[in-house]
Amino acid sequence: MPERRGLRIGFDVGGTKIAICVLDAAGNYVFKNETATPRDDYPAFLEAAMALLKKSRDAVPEAAHATIGAGIPGEIDVLSNTVKNANSTCLIGHNLEADLERVLGQKVRLANDAQCLIASEVHDGAAKGAAVAFGVILGTGVGGGVAVNGEPWRGNNRLAGEWGHNPFPDREGEATGSPCYCGRNNCIETVLSGPALVAAYHDATAGENAQLPEIEAKVAEGDPVAGAVLSEYIDKLGQALATVVGVLDPEVIVLGGGVSSITAIYRELPERVSAHMFHSGISKPRFATRIVKSKWGPDSGVRGAARLWPLPR
Ligand SMILES: [Zn+2]
């Protein structure tokens, strides 16, 4: 049963919808709602957020003093504090945190979707109880987030876990790099995003257009081309995650985003990470990092946003 103590509010701002939830201390939904994201209209976006907050407070008066966190599928420029590279393009260039604080009338913590994923999963999801956990979004983009001792760890530059735009560790033998929207070449995102996997399948089949669920189905049917494409993807993911293990050596790595629902990944991935590590080939059971799918799936965004603040005392 939801309790009305320790309430926290989370917003998840997406390209198509803005979701809000009020979570109680135990992680039960006390209130949940969503609305369409206004297109190309920043003032309308702020109004929609205000309207959602009002609805939640009308439904749950005890939430009047709840903390507010918001997750966005984009980056916050740490120098200017403005949003960049968000798929809700009307947010780009705005100081969203300050503007939300102004219209909502209280402090707001802002984080990207990967930071929200790990904040959610470490509380009551697939990384619960882990001293150090790393969350990865493998979706339209690729991002990461860190949690330490059960709380999200943002880091000195608010960049902890932001690994999707580091260079992919090894592009040996490739004549040209893959340009990334961020202006660099060969970012991890250009290799490991959902669209990159779809493109790899397209190339391997000389032009067949298949989306992730179709590729997964073909792998399950034993299609050799789909199997090879996925296997190569898993190896590259293992290579990129080996750098994370080399720095952070987390207890748990949680995968979220569209690619994370391909269950075949979890069978092969630990071995592939291990193969690319410094002490390569630490085999089961000695490779001690668990690699798991997020428990809350798409809900990890809104739940993690609520968890950007510690529980009120
Ligand atoms: Zn990039």
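These numbers were taken from a predicted model, which means no experiment stands behind them.

## As for the overall build of the protein
In step 1: Each helix and strand counted, the protein has nine helices and twelve strands in total.
In step 2: For a compact globule of 313 residues, the expected C-alpha radius of gyration is about 20 Å, and the protein comes in at 20 Å, within 12% of that figure.
In step 3: When its C-alpha atoms are laid out on the principal axes, the protein stretches across 55 × 40 × 40 Å.
In step 4: Classification of the 313 residues of the protein by burial places 50% in the buried group.
In step 5: Taking as baseline every contact in the protein between residues at least 6 positions apart, the subset at least 24 positions apart corresponds to 62%.

## Digging into the packing of helix H7 (residues 224-247) against helix H8 (residues 264-276)
In step 1: Direction vectors running N to C along H7 and H8 enclose 50 degrees, while the axes themselves pass 7 Å from each other. Between H7 and H8, the angle is such that the two are oblique. Read as a crossing pair, H7 and H8 show a hand that is right-handed. Between H7, through Leu230, Ser231, Tyr233, Ile234, Asp235, Leu237, Gly238, Gln239, Leu241, Ala242 and Val245, and H8, the contact on the second element is made entirely by Ala264, Ile265, Glu268, Leu269, Arg272, Val273 and His276.

## Digging into the coordination of the zinc ion
In step 1: Protein-derived ligands of the zinc ion are His165 (ND1), Cys180 (SG), Cys182 (SG) and Cys187 (SG), with the metal-ligand distances lying across 2.0 to 2.3 Å.
In step 2: Around the zinc ion, the four donor atoms sit at angles spanning 104 to 116 degrees, and that spread fits a shape best called tetrahedral.
In step 3: Counting gaps between the donor residues of the zinc ion yields the pattern H-x14-C-x1-C-x4-C. Of this pair, His165 sits in the loop between strand E10 (151-153) and helix H4 (188-192) while Cys182 sits in the loop between E10 and H4, and the two are 17 residues apart along the sequence.
In step 4: Taking the relative accessible area as the measure of exposure, His165 reaches 13% and is therefore buried.

## Quick look at the pattern of salt bridges
In step 1: Counted according to the given criterion, the structure contains eleven salt bridges.
In step 2: Residue Asp77 is joined to Lys84 by a salt bridge in which the shortest nitrogen-to-oxygen separation is 3.9 Å.
In step 3: Salt bridges here are not isolated pairs; linked through shared partners, they connect Asp124, Arg303 and Arg307.

## Observations regarding empty space enclosed by the protein
In step 1: One pass over the full model with this rule turns up two cavities of 30 Å³ or more.
In step 2: In this structure, the largest cavity occupies an estimated 90 Å³ of space.
In step 3: Lining the largest cavity are Glu75, Ile76, Leu110, Ala111, Asn112, Gln115, Arg154, Arg158, Leu159 and Glu162.
In step 4: Contributing elements (two or more residues each) for the lining of the largest cavity: strand E5 (75-76) and strand E7 (108-112).
In step 5: Here the lining of the largest cavity gets three residues from one element, more than from any other, and that element is E7.
In step 6: Mapped onto the domain boundaries, the lining of the largest cavity takes at least three residues apiece from domain 1 (8-118 + 299-306) and domain 2 (126-294).
In step 7: Roughly 40 Å³ of volume is contained in the second largest cavity.
In step 8: Lining the second largest cavity, in full, are Gly15, Thr37, Pro38, Arg39, Asp40, Ser88, Thr89 and Cys90.

## Examining the nonpolar core
In step 1: Of all hydrophobic cores here, the largest spans 40 residues; its most connected members are Trp163, Leu192, Leu241, Leu255 and Ile265.
In step 2: Ranked by residue count, the leading element in this core is H7, at eleven residues.
In step 3: In contact with Leu192, not counting residues within four places along its chain, are Leu138, Val142, Trp163, Tyr233, Lys236, Leu237 and Ala240.
In step 4: Among the nonpolar cores identified, the runner-up in size contains 32 residues, and Ile20, Phe45, Ala63 and Ile72 belong to it.

## Quick look at the packing of aromatic side chains
In step 1: Across all of its chains, the model carries two aromatic pairs by this definition.
In step 2: Judged by centre distance (6.2 Å) and plane angle (20 degrees), the ring pair of Tyr42 and Phe45 falls under stacked. With Tyr42 and Phe45 both in helix H1 (residues 42-59), this residue pair falls three residues apart, about one helical turn. Just as Tyr42 is buried, Phe45 falls in that class too.
In step 3: When the centroid spacing of 5.7 Å and the interplanar angle of 90 degrees are considered together, the rings of Phe134 and Trp163 count as edge-to-face.

## Looking at the pairing of strand E8 (residues 132-138)
In step 1: Most of E8 sits out of view: six of its seven residues are buried.
In step 2: The loop that links E8 with its antiparallel partner strand E9 (residues 142-148) comprises three residues.
In step 3: Where E8 lies against strand E11 (residues 252-256), five bridges are found, and the strand directions are parallel. Paired with Gly135 across the bridge in E11 is Val254.

## Some remarks on the domain arrangement of the protein
In step 1: Looking at the assigned domains, one finds that the protein contains domain 1 (8-118 + 299-306) and domain 2 (126-294).
In step 2: Between the C-alpha centres of domain 1 and domain 2 the distance comes to 27 Å.
In step 3: The partner domain 2 presents 21 residues to the 14 residues of domain 1 that form the contact.
In step 4: Summed over both sides, the interface between domain 1 and domain 2 buries roughly 1,300 Å², with carbon and sulfur atoms accounting for 59% of that surface.
In step 5: The largest per-residue losses of area from domain 1 upon contact with domain 2 belong to Gln115, Leu117 and Ile118, which jointly make up 44% of the total buried on that side.
In step 6: Counting the contacts that link domain 1 with domain 2 gives one salt bridge.
In step 7: A salt bridge links Arg158 to Glu97, with the shortest nitrogen-to-oxygen separation between them at 3.4 Å.
In step 8: Joining domain 1 to domain 2, the criterion identifies five residue pairs in polar contact (both at pLDDT 80 or more).

The rules behind these values
- Residues numbered from 1 in each chain as written.
- Predicted model: local features only at pLDDT ≥ 70, side-chain atom pairs only at ≥ 80, totals over all residues.
- Heavy atoms only, no water.
- Helix = DSSP H or I, 4+ residues; strand = E, 2+ residues; numbered from the N terminus.
- Rg over C-alpha atoms; globule rule 2.2 N^0.38 Å.
- Buried < 20%, exposed > 50% of the residue type's maximum accessible area, 1.4 Å probe, protein only.
- Contact = heavy atoms within 4.5 Å.
- Axes fitted to C-alpha atoms, helices over the stretch in contact; angles between N-to-C directions.
- Parallel < 35°, antiparallel > 145°, perpendicular 65-115°, else oblique.
- Left-handed = near helix turned anticlockwise from the far one by under 90°.
- Donors = N, O, S within 2.8 Å, 3.2 Å for Na, K, Ca; no water.
- Tetrahedral: all angles 85-135°; square planar, octahedral: opposite > 155°, others 65-115°.
- Salt bridge = Lys/Arg side-chain N within 4 Å of Asp/Glu carboxyl O.
- 1 Å grid on protein atoms, 1.4 Å probe; cavity = no way out; pocket = protein on both sides within 12 Å on 5 of 7 lines; lining within 4 Å.
- Points joined across faces, edges and corners; volume = space filled by probe spheres on them.
- Domains from an automatic or database assignment.
- Core = buried A, V, L, I, M, F, W, Y, C linked by side-chain atoms within 4.5 Å.
- Phe/Tyr/Trp six-rings, centres within 6.5 Å; stacked < 30°, edge-to-face > 60°.
- Pairing = 2+ DSSP bridges.
- Buried area = accessible area lost by both parts, 1.4 Å probe.
- Polar contact = N/O pair within 3.5 Å; in protein donor to acceptor, adjacent residues only side chain to side chain.

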